[in-house]
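Structural characterization, general
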Amino acid sequence: MVFSSLLFLFVFLPIICILYFVMPKQFKNIVLLIASLFFYAWGEPVYILLMLFSIVMNWIWGMLLDWKKRARRWILVMAILSNIVILGWYKYLNFAVEIINQCFSVELPIREVSLPIGISFFTFQILSYLIDLYRGEYKVQRNIVNLALYISFFPQLIAGPIVRYKEIVDQLQNRSATPDCIMEGIRRFIYGLGKKVIIANSMAQCVDRIYALDLGELTGLLAWLASIMYTLQIYYDFSGYSDMAIGLGRMFGFAFPENFHYPYLASSVQEFWRRWHITLSAWFREYLYIPMGGNRKGRIRTYVNLLILFLATGLWHGANYTFLLWGLYYGVLSVIERAGVNRVLQKHSLLKHVYTVLIVNFGWVLFRSDSLVQAGEFLKRMLLPWKYMESIVPWQAYISHKALVLMFFGIAGCGVVQQLCLKCDIGGKSRYMWKNSYPELICCTFILIFSISMLAGNTYNPFIYFRF
């Protein structure tokens, strides 16, 4: 079950809201926990056992960290390894076997296993709970219901944002879903739904058609259109899910951290990663980059740490050579920028933005491609479009006029219009005049109706972060 489905919008969410708001305070977390476990079990019922096992196991690890003071370091190591083993078994085992088979010319069997939804997200949340507990940043959570809710809470379970325990520990016990919170949550959810259904899904249909082409039919123009549309698709899909998650959290009284801040307005790769998937970047910085020494151990060590950081980021996204190369790509670029290129770029206002947009766009080609060969062919046609101009089928067969219109609206909505409005807004009053106004109510109503009509009229509703 995904947020952008009629089943979720008209059955699951209304029932949970009614049950939650009629229940006494002491039962609200139980309602949300049961709802979260049901939500998780909907797609792959067998993996609810994995979720329950993970909850109980990590509750025990937490209690041991609190109880066995002298052995806390070893308990933390075993707790981290147990979670990484589970993640590795489901997500990376086949990739490791594939590498071994290729390197040593053997034929170890490949297991048929489906990836548990959201395993990378809830594993990182668990690890943050255990590590910060070891650091003494809060007391152990003895109430297994509260810990289970933190691990499995359905709004951010399958696509983030990655919420660290210390950010919501107080909210698990004391929160208030005021009318203002509920209205703010509904508003944010509708904007996220519109991003996902209206723009991301429309881009996805065109992108999937082009990536399914035989490479001999791929022209330079089609390669560029596919890369631009995927750049929009992944932003509106992922930020749309984050908006819906944050909105759902607000409806139940939770305040989740922001996950995006107009990343395509960035003027460098480093700034892009401060704006894109903010909670993942913060997690890796807090629990990997800084413990390795960060930028405190000299220039060479800093460069090595950056390469390791981005390789880990690529591997987190998926068990594939394309993801590893994508991570290495950003690692190398971050090193180059830190070495001095960024100081040059920042002197040229237009150049730094064009550079960043192109770099990110090329990166998404790697991210989207099924293989390094496919990625290479797409990039070759993008860099040498005049060599690949002939095709039997015209580009209009893959991209509709509606998709082109939405593409331009999508580009404008990535921060361009918002920045122009801020520059024209003398005194900063327009934003507050718009929020919760009648025009915004009309706008949100239109987005909601249009999104529902698109969901009702089209079963195409992909979920990019399913494989993460």
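What counts as what
- Residues numbered from 1 in each chain as written.
- Predicted model: local features only at pLDDT ≥ 70, side-chain atom pairs only at ≥ 80, totals over all residues.
- Heavy atoms only, no water.
- Helix = DSSP H or I, 4+ residues; strand = E, 2+ residues; numbered from the N terminus.
- Rg over C-alpha atoms; globule rule 2.2 N^0.38 Å.
- Buried < 20%, exposed > 50% of the residue type's maximum accessible area, 1.4 Å probe, protein only.
- Contact = heavy atoms within 4.5 Å.
- Areas by Shrake-Rupley, 256 points an atom, 1.4 Å probe, with all protein chains shown as cover.
- Lys, Arg positive; Asp, Glu negative; His and termini not counted.
- Charge placed at Lys NZ, Arg CZ, Asp CG, Glu CD.
- Core = buried A, V, L, I, M, F, W, Y, C linked by side-chain atoms within 4.5 Å.
- Axes fitted to C-alpha atoms, helices over the stretch in contact; angles between N-to-C directions.
- Parallel < 35°, antiparallel > 145°, perpendicular 65-115°, else oblique.
- Nonpolar A, V, L, I, M, F, W, Y, C, P; charged D, E, K, R; others polar.
- Phe/Tyr/Trp six-rings, centres within 6.5 Å; stacked < 30°, edge-to-face > 60°.
- pLDDT = per-residue confidence, 0-100.
- Expected span 1.5 Å × (residues − 1).
- Left-handed = near helix turned anticlockwise from the far one by under 90°.

Turning next to the overall build of the chain. When its secondary structure is counted, the chain shows 19 helices and zero strands. Compactness check: the chain gives a C-alpha radius of gyration of 23 Å against a globular reference of 23 Å for 468 residues, within 12% of the reference. Each principal axis of the C-alpha distribution contributes one length, and for the chain these read about 70 × 65 × 50 Å. Burial statistics for the chain: of 468 residues in total, 52% are counted as buried. The contacts of the chain with a sequence gap of at least 6 include a subset with a gap of at least 24, amounting to 77%. Of the accessible surface of the chain, which amounts to about 22300 Å², a share of 68% is contributed by carbon and sulfur atoms. Looking at the chain, you have 42 positive and 25 negative side-chain charges, and the mean spots of the two groups are 10 Å apart.

Ranked by size, the top nonpolar core spans 142 residues in total, and within it Phe3, Phe8, Phe154, Trp276 and Trp364 carry the most contacts. For this core, the element with the highest residue contribution is helix 10 (residues 220-251), accounting for 17 residues. Setting aside chain neighbours within four positions, we find Trp364 in contact with Tyr230, Thr231, Ile234, Tyr264, Phe272, Trp276 and Trp326.

Structurally, the position occupied by Asn201 is in helix 9 (residues 179-211). If we skip the residues at most four places from it in the chain, Asn201 touches Lys196, Tyr460, Asn461 and Pro462.

This paragraph deals with the packing of helix 2 (residues 25-43) against helix 3 (residues 48-67). Relative to each other, helix 2 and helix 3 sit at 140 degrees, their axes nearing to 9 Å. When the axes of helix 2 and helix 3 are compared, the pair comes out oblique. Along its contact with helix 2, which presents Leu37, Tyr40 and Ala41, the element helix 3 presents Ile48, Met51, Leu52 and Ile55. Tallied by class, residues from the contact of helix 2 with helix 3 come to seven nonpolar, no polar and no charged.

So, about unusual backbone geometry. The peptide bond linking Gly160 to Pro161 adopts the cis configuration, its omega dihedral lying at 5 degrees. With respect to the helices and strands, Pro161 occurs in the loop between helix 7 (144-152) and helix 8 (165-173). In this structure, Ser105 is a non-glycine residue whose phi angle is positive, near 55 degrees. Residue position: Ser105 is located in the loop between helix 5 (93-104) and helix 6 (119-134). The phi dihedral of Tyr262 falls on the positive side, at around 45 degrees, and the residue is not glycine. Looking at where Tyr262 falls in the secondary structure, it is placed in the loop between helix 10 and helix 11 (269-275). We classify Tyr262 as partly exposed; its relative accessible area is 27%.

The final tally for this structure, using the stated rule, is 60 aromatic pairs. The interplanar angle of 50 degrees and the centroid separation of 4.9 Å between the aromatic rings of Phe153 and Phe254 together place this pair among those described as tilted. Of this pair, Phe153 sits in the loop between helix 7 and helix 8 while Phe254 sits in the loop between helix 10 and helix 11, placing them 101 residues apart in sequence. Exposure remark for Phe153: the relative accessible area of 2% places this residue in the buried category.

Summarising the model, the chain shows a mean pLDDT of 91, and 97% of its residues fall at 70 or more. Summarising per-element confidence for the chain, the mean pLDDT is lowest in helix 18 (residues 430-434) (65) and highest in helix 7 (96).

This next bit is on helix 4 (residues 72-91). Over its 20 residues, helix 4 extends 28 Å from the first C-alpha to the last, a length consistent with the 28 Å expected when each residue adds 1.5 Å. Taken together, the buried residues of helix 4 touch helix 3, helix 5, helix 6 and helix 13 (299-317).

Our focus in this paragraph is the environment of Ile34. Within the secondary structure, Ile34 sits in helix 2. With a relative accessible area of 55%, Ile34 lands in the exposed category. For the pair Ile34 and Phe252, spaced 218 residues apart in sequence, the C-alpha to C-alpha distance is 15 Å.

For the rest of this paragraph, the subject is the packing of helix 10 against helix 17 (residues 401-424). Relative placement of two packed helices is described by the angle separating their axes and the distance separating the axes. The N-to-C vectors of helix 10 and helix 17 enclose an angle of 55 degrees; their axes lie 10 Å apart at closest approach. In terms of axis orientation, helix 10 runs oblique to helix 17. Here helix 10 and helix 17 pass one another in a crossing that is left-handed. In contact with Leu225, Ile228, Met229, Leu232, Tyr235 and Tyr236 of helix 10, helix 17 contributes Ala403, Leu404, Met407, Phe409, Gly410, Ile411, Gly413 and Cys414.

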